[in-house]
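# Survey of secondary and tertiary structure
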Amino acid sequence: MPLALIGASGRVGADLLKLLAQPAIDAPVQLVGVANSRAALWQAEGLAPGLAAERLRAQAGGSAEALIEQLIAGERPALLVDCTASAAIAAHSARLLEAGVSLVTPNKIAFAGTQRDYQRLRQAALTTPAAWSATVGAGLPILSTIRRLRAAGDRLTAIEATLSGTLGSLLTRVHDGVSLRQALTEAVHHGLAEPDPRIDLSGQDVRRKLTIMLREAGVEIEPGAIALDPLLHLGSEQPWDEAVGAHERDWLGLIQDARRSQSRFVYRARWSLADGAHVALALVPDAHPLAGARGTENRVVLHSEYQGDTPIVIAGAGAGVRITAAAVLADVQAVCEQLLPLASVREQPVRLRRIA
Ligand SMILES: NC(=O)c1ccc[n+]([C@@H]2O[C@H](COP(=O)([O-])OP(=O)(O)OC[C@H]3O[C@@H](n4cnc5c(N)ncnc54)[C@H](OP(=O)(O)O)[C@@H]3O)[C@@H](O)[C@H]2O)c1
C-alpha cells in the first residue's frame, strides 16, 4: 500500500524511516512520498526508507500540500502519516479521510480542535481507517484502554493524569533542588522543551491531550471548556531565561513547603462528571499515584463505573522519539490490518463477475 510521510526530517519522522528500513519490520506499505516544511519528493515506484531522509535533504522544491493532493488523486488504499505539529497539515485530515486516504498521526491538532471538526473526523474514520494513539502518552496504551472500557459499556467517572514529559522532567529537577532556570535550560538543551519554553509552560499541550482522552471516552467537550492554569506565567517582554528569575524565590518556598508536608507538585489534568475539566499545578501527597512519576514519565488514573474503588493506573515514559515513532509504526500496522481485508473484499465482486 502506498504511504507518504510528512515531517520526514523531524525527530519522530526520521526515526520512523529508520524503523521502516529495518529488515525485521514487515509492514505491507510502500513509501512513495516524503516531505518537510521546505520540500517534497514523490516516487510512485517506491523510495528506500533508509535513504529517503537524505534524498529529501538534497531535494529543492515540491510541497507537502502537493504531496497530499497526489495521494488523494492516486490509488486506494493509501496512507498518509503526518509527523508534524503543524496546524496547516492537520487541516487536511478530514478531507483526506473523506477522500478514502487513511491517516496515522502523533499530531494532536486535528483531534483536539472544535467538537464539530472532531465529529467530522470520527464520521470519516468510520469508513476510512485512521489511528492517532501516539497523540496522548506516546507509546502508552491510554486511548486504547479508554476505547476498550467504552466498547464494553463501561463509563469513565473521573480522570487524573500527568501528561507532559516536558513538565514532568522540569518538576522532577526542581524537586531535586535545581533552580527553575537551570531545570528549564536543561529541558531545552535535551530537546524536551521548545527553544522558547513558554509554549510548554502554557499547558496548552496538556489541555489538548485531555481533550482527546475525553472525546475517546465519549464526552463531548470544547478545548476552551477545560480550565487552564499555565505552570508558569512568563511575560513576553523579556527573554524567558531572564523572566524566570522573578519566580525563583517563590518556587524555593513552595518546594520546601511540599517537602515538609510530604507532598509533591505535579502538573495535573483532571476531569470528573461532577467537577468538569481542569489543567493546573497541584500539590499531591507522596502516596498519591501521580506523585511517583519522575522525569518524562506519564501517569494516568482512570476511574470508571465497573472499576469501582480500584482505578486503572497506566504509567510509563510518555515522550521520547523512539517510543513515539514505534507507536506510529504500530498504528500504521493496525490501519493496514483494517485496510487490507477491506481491499480484498472490494476486489471480490470483480472476481465473481469475471467467473460469471
Ligand atoms: N518528540 C516526541 O517525543 C513526541 C512525543 C509524542 C508526540 N509527538 C508529536 O509528534 C509530532 C512530531 O514531533 P517531532 O518532535 O518529530 O517534531 P520536529 O522534530 O519539530 O519535526 C517536525 C517535522 O514537521 C515538519 N513540518 C513542520 N511544519 C510543516 C509544514 N507546514 N509542512 C510540512 N512539514 C512540516 C518539519 O519540517 P522541517 O524539518 O523542514 O522543519 C519537521 O520535519 C508532533 O506533533 C509532536 O507533538 C512527539
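Residues numbered from 1 in each chain as written. Predicted model: local features only at pLDDT ≥ 70, side-chain atom pairs only at ≥ 80, totals over all residues. Heavy atoms only, no water.

To continue, consider the pattern of salt bridges. Counted by the stated rule, this structure contains 14 salt bridges. Measuring nitrogen to oxygen at the nearest pair gives 3.2 Å for the salt bridge that ties D196 to R198. For D196, a relative accessible area of 29% puts it in the partly exposed group. The residue R299 makes a salt bridge to E297 at a minimum N-O spacing of 2.7 Å. The two residues R299 and E297 agree in class, both being buried. (Salt bridge = Lys/Arg side-chain N within 4 Å of Asp/Glu carboxyl O. Buried < 20%, exposed > 50% of the residue type's maximum accessible area, 1.4 Å probe, protein only.)

Attention now goes to the site of the ligand. Around the ligand sit 23 residues in total, of which S9, V12, S37, R38 and T84 are the nearest. For the ligand, an oxygen atom lies 2.9 Å from a polar atom in the side chain of S9. S37 is positioned with one of its side-chain polar atoms (N or O) 2.6 Å from an oxygen atom of the ligand. Expressed as a share of its isolated accessible area of 900 Å², the protein-covered part of the ligand is 75%. Taken together, the elements giving at least two residues each to the shell around the ligand come down to α1 (11-21) and α14 (321-355). Looking at side-chain class alone, the shell around the ligand contains ten nonpolar, ten polar and three charged residues. (Near = heavy atom within 4 Å. Polar contact = N/O pair within 3.5 Å; in protein donor to acceptor, adjacent residues only side chain to side chain. Areas by Shrake-Rupley, 256 points an atom, 1.4 Å probe, with all protein chains shown as cover. Helix = DSSP H or I, 4+ residues; strand = E, 2+ residues; numbered from the N terminus. Nonpolar A, V, L, I, M, F, W, Y, C, P; charged D, E, K, R; others polar.)

This part covers the confidence of the model for the protein chain. Residues at a pLDDT of 70 or more form 96% of the protein chain, whose mean pLDDT is 93. The model gives residues 349-356 a pLDDT under 50, and that stretch makes zero contacts with residues more than four places away or in other chains. (pLDDT = per-residue confidence, 0-100. Contact = heavy atoms within 4.5 Å.)

What follows deals with the pairing of strand β9 (residues 263-272). Looking along a regular strand, one sees the side chains alternate between the two faces of the sheet. In terms of burial, β9 is largely enclosed, as nine of its ten residues are buried. As judged from the four bridges shared by strand β7 (residues 156-162) and β9, these two strands associate in the antiparallel manner. Bridge pairing in β9 links I159 to W271. Both β9 and strand β10 (residues 276-285) contribute to a ladder of ten bridges, which runs antiparallel. Of the residues in β10, the one forming a bridge with S263 is P285. (Pairing = 2+ DSSP bridges.)

In total, this model carries zero disulfides according to the counting rule given. Cysteine C83 shares no disulfide, and the gap to the nearest cysteine sulfur, in C336, comes to 14 Å. We classify C336 as buried; its relative accessible area is 1%. (Disulfide = S-S within 2.5 Å.)

A word on the domain arrangement of the protein chain. Structurally, the protein chain comprises domain 1 (2-135 + 321-355) and domain 2 (142-317). Once you take the C-alpha centre of each, domain 1 and domain 2 turn out to be 30 Å apart. Across the contact, 15 residues belong to domain 1 and 15 residues belong to domain 2. Approximately 1,300 Å² of surface area, both sides summed, lies buried where domain 1 meets domain 2, with 51% of it carried by carbon and sulfur atoms. When the buried area of domain 1 at its contact with domain 2 is split by residue, K108, A112 and Q115 rank highest and sum to 38% of it. At the surface where domain 1 touches domain 2, the tally comes to two salt bridges. Among the salt bridges present, the one from R122 reaches E216, with a minimum N-O distance of 3.2 Å. Across the domain 1-domain 2 interface, the total number found is ten residue pairs in polar contact (both at pLDDT 80 or more). Looking at the side of domain 1 that touches domain 2 residue by residue, the classes come out as six nonpolar, six polar and three charged. (Domains from an automatic or database assignment. Buried area = accessible area lost by both parts, 1.4 Å probe.)

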